[in-house]
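# Fold and geometry: a report
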Amino acid sequence: MTRVFAVSDIHGHPEKLTAALRDAGLTDADGNWAGEDARLWFLGDFFDRGPDGIGVLRYVRGLIEQAPDGAIEMLLGNHEILALGMRKFDDTFVPHDGITLRSFERSWALNGGQDRDQELLTDDETDWLLDRPMLALDAGHLLMHSDTAEYIEWGDSIDAINAAASTELHSDDIEVWWEIWRRMTSRYAFRGDGGPEIARIMLQHLGGQRIVHGHSIVADQLGIDPQYLTDPLLYADGLVLGIDGGAFDGGPCLVVELEELTAE
Ligand SMILES: [Mn+2]
């Protein structure tokens, strides 16, 4: 049976990613793909906070070339939207009703944007990122970057959501882009008393038996320092798996094998 893995929120730390993939047996001692027919999902946030988002992107694209077609896929995170929005719109103000000044440059600076990533990002890399999806389903797992229900604002199926978001990402409207960034930056939808019900509704609409997400650091949810985290967190009545180890904040890069789940 094909083994399926997910990793998220590498945030500019390629050295943590390469070590974690090697430990999981997905790459060899030289960092080359050794996962045979395993599948590996990146759940977004290559960029910002840590120093070398470009290094993460280039390493992953190299692995994709080495692996069989479709073995490695990447979903977009909010920090891809932020990095691409910064590149596209820079300090242009976003029109809105409030009194604060809004721009991608301001949000990018506030959220750990790195000058070097902006300087090195190529047109080819930008085009590739713009064609990545938001959501996927594999081995009974609904895969997404952010722990938010706002994805369903784009549509009522994975394909509809990916298509609608892709159309918006290919627009030049800053207000459209800002709304994508806002949606993907929301979080904690599956925590608390109402969390399991939100998760259940997402799974009913989009498919899968369990949601897997990054974006919100698992150690924060447990009230521990990220350096002590060793495992992902299953919560919301077992319907949701959080895998963001907090790599930029002293935590591990978790490469998580997903068990095969089948419909009841
Ligand atoms: Mn994120």
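Given the structure is predicted, the values throughout are model-derived calculations rather than measurements.

## Observations regarding the nonpolar core
Within the largest apolar cluster, 82 residues are counted, with the highest numbers of intra-cluster contacts made by Leu17, Leu40, Phe42, Phe46, Ile81, Met134 and Ile211. What Phe42 contacts, discounting residues up to four positions off in sequence, is Val7, Ile10, Leu17, Val60, Ile72, Glu73, Met74 and Leu75.

## A few points about the sheet that holds strand 6 (residues 210-213)
Pairing is mixed in the open sheet, where five strands are placed in the order 4-5-6-8-7. Edge strands, defined here as strands with exactly one partner in the open sheet, are strand 4 (136-138) and strand 7 (233-235). Each adjacent strand pair in this sheet contributes to an overall mean axis angle of 25°, direction not counted. Here strand 5 (residues 141-144) runs beside strand 6; their pairing, made up of four bridges, is parallel. Counterpart to Leu143 in the pairing with strand 6 is Val212.

## Let's talk about the pairing of strand 5
Of the two faces of strand 5, the one holding His141 and Leu143 and the one holding Leu142 and Met144 are both buried throughout. Pairing of strand 4 with strand 5, which is carried by three bridges, proceeds in the antiparallel orientation. Paired with Leu137 across the bridge in strand 5 is Leu142. Where strand 4 folds back on strand 5, the antiparallel hairpin that results is connected by two residues, among which Ala139 adopts a positive phi of roughly 50°.

## Points about the coordination of the manganese ion
Looking at the manganese ion, one finds its protein donor set to be Asp45 (OD), Asn78 (OD1), His145 (NE2) and His215 (ND1), positioned 2.1 to 2.3 Å from the metal centre. All donors to the manganese ion come from one chain, and their sequence spacing reads D-x32-N-x66-H-x69-H. With a gap of 170 residues between them, Asp45 in the loop between strand 2 (39-42) and helix 2 (53-66) and His215 in the loop between strand 6 and helix 10 (218-222) connect regions that are remote in the sequence.

## With respect to the side chain of Arg210
Relative to the elements of secondary structure, Arg210 occurs in strand 6. A polar contact is formed between the side chain of Arg210 and the backbone oxygen of Gly238, at a distance of 3.2 Å. Polar contacts involving the side chain of Arg210 include one to the side chain of Glu259, which spans 3.3 Å. Setting aside chain neighbours within four positions, we find Arg210 in contact with Gly140, His141, Leu142, Leu203, Leu234, Gly238, Leu239, Val240, Leu241, Glu259 and Leu261.

## Points about helix 8 (residues 174-185)
Relative to the 16 Å expected for 12 residues at 1.5 Å per residue, helix 8 spans 16 Å between its end C-alpha atoms, a close match to the ideal helical length. For helix 8, the set of buried residues is Ile174, Trp177, Trp178, Ile180, Trp181, Arg183 and Met184. Along its buried surface, helix 8 packs onto helix 3 (78-89), helix 4 (104-110), helix 6 (123-130) and helix 7 (158-169). N-capping of helix 8 is provided by Asp173, with a side-chain oxygen placed 2.8 Å from the backbone N of Glu175.

## What about the packing of aromatic side chains?
Counted by the stated rule, this structure contains five aromatic pairs. Where Phe42 meets Phe46, the ring centres are 5.7 Å apart and the plane angle is 85°; that geometry is what we call edge-to-face. For Phe46, a relative accessible area of 0% translates into the label buried. For the pair Phe89 and Phe104, a centre-to-centre distance of 5.7 Å together with 20° between the ring planes defines the contact as stacked. Pair noted here: Phe89 is in helix 3 and Phe104 is in helix 4, with a separation of 15 residues, a long-range link. Judged by its relative accessible area of 9%, Phe89 is buried.

## Some remarks on the pairing of strand 2
Across four bridges, strand 1 (residues 4-7) lies against strand 2 in parallel orientation. Looking at the pairing, Ala6 lines up with Trp41 of strand 2. For the crossover from strand 1 across helix 1 (residues 14-23) to strand 2, the handedness is right-handed. Here three bridges tie strand 2 to strand 3 (residues 72-74), and the two strands are oriented parallel to one another. Of the residues in strand 3, the one forming a bridge with Phe42 is Met74. Taken together, strand 2, helix 2 and strand 3 constitute a β-α-β crossover, and its handedness is right-handed.

## Focus: the sheet that holds strand 1
Spatially, four strands are ordered 3-2-1-9 in an open sheet, and the strand pairing comes out mixed. If you trace the sheet from one side to the other, it starts and ends with strand 3 and strand 9 (256-258), each paired once. Taken pair by pair, the neighbouring strands of this sheet meet at an average axis angle of 25°, ignoring direction.

Reading the values: rules and limits
Residues numbered from 1 in each chain as written. Predicted model: local features only at pLDDT ≥ 70, side-chain atom pairs only at ≥ 80, totals over all residues. Heavy atoms only, no water. Core = buried A, V, L, I, M, F, W, Y, C linked by side-chain atoms within 4.5 Å. Buried < 20%, exposed > 50% of the residue type's maximum accessible area, 1.4 Å probe, protein only. Contact = heavy atoms within 4.5 Å. Pairing = 2+ DSSP bridges. Helix = DSSP H or I, 4+ residues; strand = E, 2+ residues; numbered from the N terminus. Axes fitted to C-alpha atoms, helices over the stretch in contact; angles between N-to-C directions. Donors = N, O, S within 2.8 Å, 3.2 Å for Na, K, Ca; no water. Polar contact = N/O pair within 3.5 Å; in protein donor to acceptor, adjacent residues only side chain to side chain. Expected span 1.5 Å × (residues − 1). Phe/Tyr/Trp six-rings, centres within 6.5 Å; stacked < 30°, edge-to-face > 60°. Right-handed = clockwise from strand over helix to strand, strands pointing away.

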